[in-house]
Amino acid sequence: MKVTALAGGIGAGKFLRGLARVVPGEDLTVIVNVADDVVVHGVHVSPDPDSVTYWLGDAFDRERGWGRRGETFRANEQLAALDPDRSWFGLGDLDLATHLLRTSWLRAGHTLSEATTVLCRRFGVTTQLLPMTDDPAPTSMLVVDREHGDVYVHFQEYWVERAGRDDVKAIRYGGVDAKPAPGVLEAIVEADAVVVCPSNPVASVAPILAVPGVRDTIAGRRASVVGVSPIVLGAPLRGMADKLMPVAGVEVTAAGAAHFYTGLLGAWVIDERDAVLREAIESTGLAVGVTDTIMVDDAAAESLAKAALELVP
Ligand code: FO1
């Protein structure tokens, strides 16, 4: 069975470890959000592709939620000592090696897709990881700034530098001006099942859907598309979905997240703690799976992945 997944960062990484236990590497393609990519100190950082690579390559930090396990931050500490204004983005010493390599390949004329493939292989990942696009496609947030009035800032500036404290008025997806990376649309068309990972719908999956052609291609495969809710009991397990879903007019519930994907899904998996929402979601025409979606370990992620795939006819 060929499976293509749409993925953001932490929730996706955890889930994909389970999915990769069910679907062999050559049959699994992951289309990953690159709207969070940022150039820091001249190096190109790809948080979501790196997150997926580290999770699948068994190099992730489960507690921190991003970056490498066993990481140190000596270079960043030194940056903070020399110029505190330039150390807001925590680049780990091990992580830095990934960014240096990626940046040197990009400067040599290779694409982000090529750099991502080589990095995956170096981390022993056999799954095919495709950035949604090879073009710049940054997400920007319109934040209310007391000094400067409303201002658009890069996603990482909002989330890391400004600690997600601003009120957000609107979100702008740079992917609307991008082209899908080679293989992205084909992977959606050729898959037996398309899985939307339990990632933030507004910050992680919407940027992928914004890339021209992606949304329509997924809608064309709707009967084979299953999503897993990132929301349990009205809150995300981690991250900023509770702050950003309302900005897009989406209720922070498992039903609200399903509604955000209207026209794209055939089935939706919700947590057993949200079983009360089952009928309301089914009444919108979706098949609904109810199971334990809290992925405490790889075995739990594998059960969740199986439950999702079982909903695809
Ligand atoms: N998140 C933080 O909250 N603080 C950081 O300093 C930080 C650095 C960082 C460096 C590399 C990387 O791949 C991710 C990093 N993240 C950091 C996570 C990232 O900001 C977001 O969580 C993702 O973009 C959302 O998926």
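Residues numbered from 1 in each chain as written. Predicted model: local features only at pLDDT ≥ 70, side-chain atom pairs only at ≥ 80, totals over all residues. Heavy atoms only, no water.

**A look at the nonpolar core**
One finds M141, L244, Y261 and W268 to be the most contacted residues of the largest nonpolar core, which totals 54 residues. For this core, the leading source of residues is helix α8 (residues 201-210), giving 7 residues. What L244 contacts, discounting residues up to four positions off in sequence, is M141, F155, Y158, V168, I171, V202 and A203. A12, F15, A301 and V312 belong to the second-largest nonpolar core, a separate cluster that totals 30 residues. (Core = buried A, V, L, I, M, F, W, Y, C linked by side-chain atoms within 4.5 Å. Buried < 20%, exposed > 50% of the residue type's maximum accessible area, 1.4 Å probe, protein only. Helix = DSSP H or I, 4+ residues; strand = E, 2+ residues; numbered from the N terminus. Contact = heavy atoms within 4.5 Å.)

**Regarding the sheet that holds strand β13 (residues 267-271)**
Taking strand neighbours across the sheet as the criterion, the 7 strands line up as β5-β2-β1-β9-β10-β13-β14 in an open arrangement whose pairing is parallel. This sheet does not close on itself; its edge strands, each paired only once, are β5 (128-131) and β14 (287-291). Each strand of the sheet is rotated relative to its neighbour by a mean of 20 degrees, with strand direction disregarded. In the packing of helix α13 (residues 298-310) onto the sheet, the strands contacted are β1 (3-7), β9 (193-196), β10 (225-228), β13 and β14, and the crossing angle to β10 comes to about 145 degrees. (Pairing = 2+ DSSP bridges. Axes fitted to C-alpha atoms, helices over the stretch in contact; angles between N-to-C directions.)

**Quick look at the environment of L112**
Looking at the element boundaries, L112 is found in helix α5 (residues 112-122). On the basis of relative accessible area, L112 is assigned to the buried category, the value being 6%. Each C-alpha atom of the pair L112 and A255 lies 35 Å from the other, and the pair is 143 residues apart in sequence. Setting aside its immediate chain neighbours within four residues, L112 contacts V34, D37, H44, S46, R102, L106, P131, T133 and D134.

**Description of the site of the ligand**
Not every one of the 13 residues close to the ligand is listed here, only the nearest: D36, P47, D48, G90 and Q156. Between the ligand and D36, the relevant distance is 2.8 Å, taken from an oxygen atom to a side-chain nitrogen or oxygen of the residue. The separation between an oxygen atom of the ligand and a polar side-chain atom of D48 is 2.7 Å. For the ligand, the accessible surface in isolation is 540 Å², of which the surrounding protein chains cover 83%. Only α2 (47-56) and α6 (155-161) provide two or more residues apiece to the shell around the ligand. Looking at which element gives the most residues to the shell around the ligand, the answer is α6, with 4 residues. A breakdown of the residues in the shell around the ligand according to their chemical character gives 8 nonpolar, 2 polar and 3 charged. (Near = heavy atom within 4 Å. Polar contact = N/O pair within 3.5 Å; in protein donor to acceptor, adjacent residues only side chain to side chain. Areas by Shrake-Rupley, 256 points an atom, 1.4 Å probe, with all protein chains shown as cover. Nonpolar A, V, L, I, M, F, W, Y, C, P; charged D, E, K, R; others polar.)

**Observations concerning the sheet that holds strand β8 (residues 168-173)**
Taken together, the 3 strands give an open sheet; going across it, the order is β7-β6-β8, and neighbouring strands pair in antiparallel fashion. Two strands close off the open sheet at either side, each with one partner strand: β7 (149-154) and β8. Strand-to-strand twist in this sheet, taken as the mean axis angle between neighbours without regard to direction, amounts to 25 degrees. The pairing of strand β6 (residues 139-145) with β7 spans 6 bridges and is classified as antiparallel. Looking at the pairing, V143 lines up with V151 of β7. α8 rests against β6 and β8 of the sheet, and its axis sits at about 40 degrees to β8.

**Focus on the side chain of D36**
Take D36: it is sitting in the loop between β2 (28-32) and β3 (38-40). For the buried residue D36, which engages in no salt bridge, the nearest side chain bearing the opposite charge is R102, 12 Å off. Within polar-contact distance, the side chain of D36 engages the side chain of N33 at 3.3 Å. Apart from the residues lying within four places of it in its own chain, the contact partners of D36 are P47, D48, H154, F155, Q156 and A203. (Lys, Arg positive; Asp, Glu negative; His and termini not counted. Salt bridge = Lys/Arg side-chain N within 4 Å of Asp/Glu carboxyl O.)

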